[in-house]
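Architecture and fold: a report
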Amino acid sequence: MAKLLSCVLGPRLYKIYRERDSERGPSGVPETPTSVTSPPSSSWDTYYQPRALEKHADSILALASVFWSISYYSSPFAFFYLYRKGYLSLSKVVPFSHYAGTLLLLLAGVACLRGIGRWTNPQYRQFITILEATHRNQSSENKRQLSNYNFDFRSWPVDFHWEEPSSRKESRGGPSHRGVALLRPEPLHRGTADTLLNRVKKLPCQITSYLVAHTLGRRMLYPGSVYLLQKALMPVLLQGQARLVEECNGRRAKLLACDGNEIDTMFVDRRGTAETQGQKLVICCEGNAGFYEVGCVSTPLEAGYSVLGWNHPGFAGSTGVPFPQNEANAMDVVVQFAIHRLGFQPQDIVIYAWSIGGFTATWAAMSYPDVSAVILDASFDDLVPLALKVMPDSWRGLVTRTVRQHLNLNNAEQLCRYQGPVLLIRRTKDEIITTTVPEDVMSNRGNDLLLKLLQHRYPRVMAEEGLRVVRQWLEASSQLEEASVYSQWEVDEDWCLSVLRSYQAEHGPDFPWSVGEDISTDGRRQLALFLARKHLHNFEATHCTPLPAQNFQMPWHL
């Protein structure tokens, strides 16, 4: 009876992976009392085959879930319509509640029938036994057996807790339950006295900004968090997970962030291979509709690196909603997991981000300054210009206030707090982070990210003359035009390197540098072009084109 109840309340099982030879337990080792013997994988198909009763019941419950999601998103319009028609009176609401209660009872009956279908299936009974054993005792053997199943991630046991590192328990400066530290925007109207009257005047605007950010804004910024989109992508995500687990020997883990969100991760370990780059870990930060199952993790994987992918809060197996604070909290526990559980030193970690993932990547670089390098592909400096591009001009004040208060993705400001090597990849046909048209390469906000970084690190070099030639170089939309501008100013790379190395040897590596104070105007131009070319590479493609492995290069450093 207990097993039947477990089948009724248990998670949905999607797939049974082929067992990997490298993960088979050694023969002759006695089992622990809580271990479960798994049947030979060769006797089972890798796709879970539900019985007819479970299959049809699952279809009904999935359809009900979709209808509920549609009703949730359309509820404001529905309530307005019902109110106008007079259907919200007590005499109309009571019969409706009876219908709703009857429907809930029917769905509960369908869930019970699904549980009976699972109970008659030996595959599901075997899975639920392993899952219950793992929740009782998270031994390595139980975890190994559980990793052979792909199921609803909400039932996956937590593998790593944000407070697990002993240094976190002893430190007062680390993250709290409220979250990690973020850079806060300056007030829009500086110098204004923050009196009670001013607060009352601002209250309607603040309420409006909050509502916009938590309804339309967040879903526009992170469409991957919308349930209906995830439902449509489910087959593709399952296929991507199977590839990572079965072909790349990936290991899935659930991390608990300081805000209580559970973060879905996938780790592929290449340290045991002959390739030297496998000793480095690339932590991948996906875009606003990207998932590690089908996202940018494929690029460093093909290049031979160890890879740790994770999903934004509210994406696939991760819980929560993707606001900046939650994003930073998630990134924090991912980095802690890489250091304290996977065993990588910060000097062996590279942060790689695509598009909006640049926010968490730059936050990690700012908060963990010892990481080896940062690579930002198709990213931007600040969200406000891009938000203003897609919204009416009459909404400028509301959009700016909403972004600054609730969705402040200040990538450039965070990146300037990092002292290590940085590489920016600009897509010359990018249609997403340009503020005009894709053909206008100068409207690409990646340009602004480069300029702000160079102006912070080399303020003397990036004065008026240096800024002008770098802008001229950024106008080049092809390799031929880029080389033409570079040769026009006769850049002597050996001289540039000698100047930079001499300054570093005398003054140390910490930015900003005052190099260029006693150099001629022509020399500053050469240095500016040299540094721009070392920090930014062009890739002739659109925003969503996968980055080829040969274009994934470690950033330049002296």
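Below is a summary of the structure that appears in this document. Quantities reported herein were computed from a predicted structural model and do not represent experimental measurements. (Residues numbered from 1 in each chain as written. Predicted model: local features only at pLDDT ≥ 70, side-chain atom pairs only at ≥ 80, totals over all residues. Heavy atoms only, no water.)

On to the sheet that holds strand E8 (residues 349-354), then. Paired through backbone hydrogen bonds, the strands of a sheet run either parallel or antiparallel to each other. Reading across the sheet, the nine strands line up as E3-E4-E5-E7-E6-E8-E9-E10-E11 and stay open at both edges, with mixed pairing between neighbours. Pairing within the sheet leaves two strands with one partner each, and these edge strands are strand E3 (160-161) and strand E11 (536-539). The pairing of strand E5 (residues 262-268) with strand E7 (residues 306-310) spans four bridges and is classified as antiparallel. Its bridge partner lying in E7, Val-268 is registered against Val-307. Strands E3, strand E4 (251-256), E5, strand E6 (281-285), E7 and E8 of the sheet are contacted by helix H10 (residues 324-340), whose axis makes an angle of about 150° with E7. Of the strands in this sheet, strand E9 (373-377), strand E10 (422-427) and E11 are in contact with helix H15 (residues 445-457), which crosses E10 at around 155°. (Pairing = 2+ DSSP bridges. Helix = DSSP H or I, 4+ residues; strand = E, 2+ residues; numbered from the N terminus. Contact = heavy atoms within 4.5 Å. Axes fitted to C-alpha atoms, helices over the stretch in contact; angles between N-to-C directions.)

Below, the discussion takes up the pattern of salt bridges. Any two side chains of opposite charge can pair, so long as their charged atoms come close to each other. Evaluated as defined, the whole model comprises 20 salt bridges. Of the charged contacts, one joins Arg-445 and Asp-381 as a salt bridge, the two residues approaching to 2.8 Å between their closest N and O atoms. Here Asp-381 lies in the loop between E9 and helix H12 (383-390) and Arg-445 lies in helix H15, a separation of 64 residues in the sequence. Just as Arg-445 is buried, Asp-381 falls in that class too. Between Glu-465 and Arg-524 there is a salt bridge, with its nearest N and O atoms 3.9 Å apart. In this pair, Glu-465 sits in helix H16 (residues 464-474) while Arg-524 sits in helix H19 (residues 521-535), placing the two residues 59 residues apart along the sequence. Exposure class is identical for Glu-465 and Arg-524. Each is buried. (Salt bridge = Lys/Arg side-chain N within 4 Å of Asp/Glu carboxyl O. Buried < 20%, exposed > 50% of the residue type's maximum accessible area, 1.4 Å probe, protein only.)

Another point: the nonpolar core. By size, the foremost hydrophobic cluster in this structure holds 97 residues, and its most contacted members are Ile-283 and Ile-351. At nine residues, H10 tops the list of elements feeding residues into this core. Residues in contact with Ile-283, not counting those within four places in the same chain, are Leu-308, Trp-310, Met-331, Val-334, Val-335, Ala-338, Ile-349, Val-350, Ile-351 and Tyr-352. One finds Val-307, Ala-373, Ile-425 and Phe-539 within the second-largest nonpolar core, a separate group that totals 29 residues. (Core = buried A, V, L, I, M, F, W, Y, C linked by side-chain atoms within 4.5 Å.)

Residues Leu-63, Phe-67, Ile-70 and Leu-228 make up a contiguous nonpolar surface patch of about 360 Å² in total accessible area. Relative to the helices and strands, Phe-67 is located in helix H2 (residues 52-85). (Patch = residues over 30% accessible without salt bridge, like charges linked within 9 Å, V, L, I, M, F, W, Y side chains within 5 Å. Areas by Shrake-Rupley, 256 points an atom, 1.4 Å probe, with all protein chains shown as cover.)

Our next topic: the packing of H16 against H19. Two numbers describe how H16 lies on H19: the axes approach to 8 Å, and their chain directions differ by 45°. The angle between H16 and H19 falls in the class oblique. When the axes of H16 and H19 are compared, the crossing they make is right-handed. Residues Glu-465, Gly-466, Val-469, Val-470 and Trp-473 of H16 pack against Thr-521, Arg-524, Arg-525, Ala-528, Leu-529, Ala-532 and Arg-533 of H19. In terms of residue class, the contact of H16 with H19 is made up of six nonpolar, two polar and four charged. (Parallel < 35°, antiparallel > 145°, perpendicular 65-115°, else oblique. Left-handed = near helix turned anticlockwise from the far one by under 90°. Nonpolar A, V, L, I, M, F, W, Y, C, P; charged D, E, K, R; others polar.)

Among the 10 residues that make up helix H11 (residues 358-367), nine are buried, leaving the element largely enclosed by the rest of the structure. All buried positions along H11 are accounted for by Gly-358, Phe-359, Thr-360, Ala-361, Thr-362, Trp-363, Ala-364, Ala-365 and Met-366. Buried residues in H11 make contact with E6, E7, H10, E8, E9 and helix H14 (411-415).

Glancing now at the pairing of E9. Most of E9 sits out of view: five of its five residues are buried. Residue alternation in E9 divides its side chains into two sets, Ala-373, Ile-375 and Asp-377 and Val-374 and Leu-376, and both sets are buried. Across five bridges, E8 lies against E9 in parallel orientation. Residue pairing for E9: Ala-353 is matched across the bridge by Leu-376. Pairing between E9 and E10: four bridges, direction parallel. Note on E10: the bridge partner recorded for Leu-376 is Leu-424.

Evaluated as defined, the whole model comprises 18 aromatic pairs. Between Phe-153 and Trp-156, the aromatic rings sit 5.5 Å apart at their centres with planes inclined by 35°, giving tilted as the arrangement. The class for Trp-156 is buried, based on a relative accessible area of 6%. Here the aromatic rings of Tyr-222 and Phe-315 are separated by 6.3 Å at their centres, their planes lie at 85°, and the arrangement is edge-to-face. Residue Tyr-222 is located in the loop between helix H7 (196-221) and helix H8 (227-247), and its partner Phe-315 is located in the loop between E7 and H10; the two are separated by 93 residues in the primary sequence. Note on Tyr-222: relative accessible area 0%, which makes it buried. Following the ring pairs from residue to residue traces out a cluster consisting of Tyr-48, Tyr-124, Phe-127, Tyr-149, Phe-151, Phe-153 and Trp-156. Sitting over the face of the ring of Trp-156, Arg-252 holds its NZ or CZ atom 5.9 Å from the ring centroid. Above the plane of the ring of Phe-153 lies Lys-254, whose end atom (NZ or CZ) is 5.2 Å from the centre. (Phe/Tyr/Trp six-rings, centres within 6.5 Å; stacked < 30°, edge-to-face > 60°. Lys NZ or Arg CZ within 6 Å of the ring centre and 35° of its normal.)

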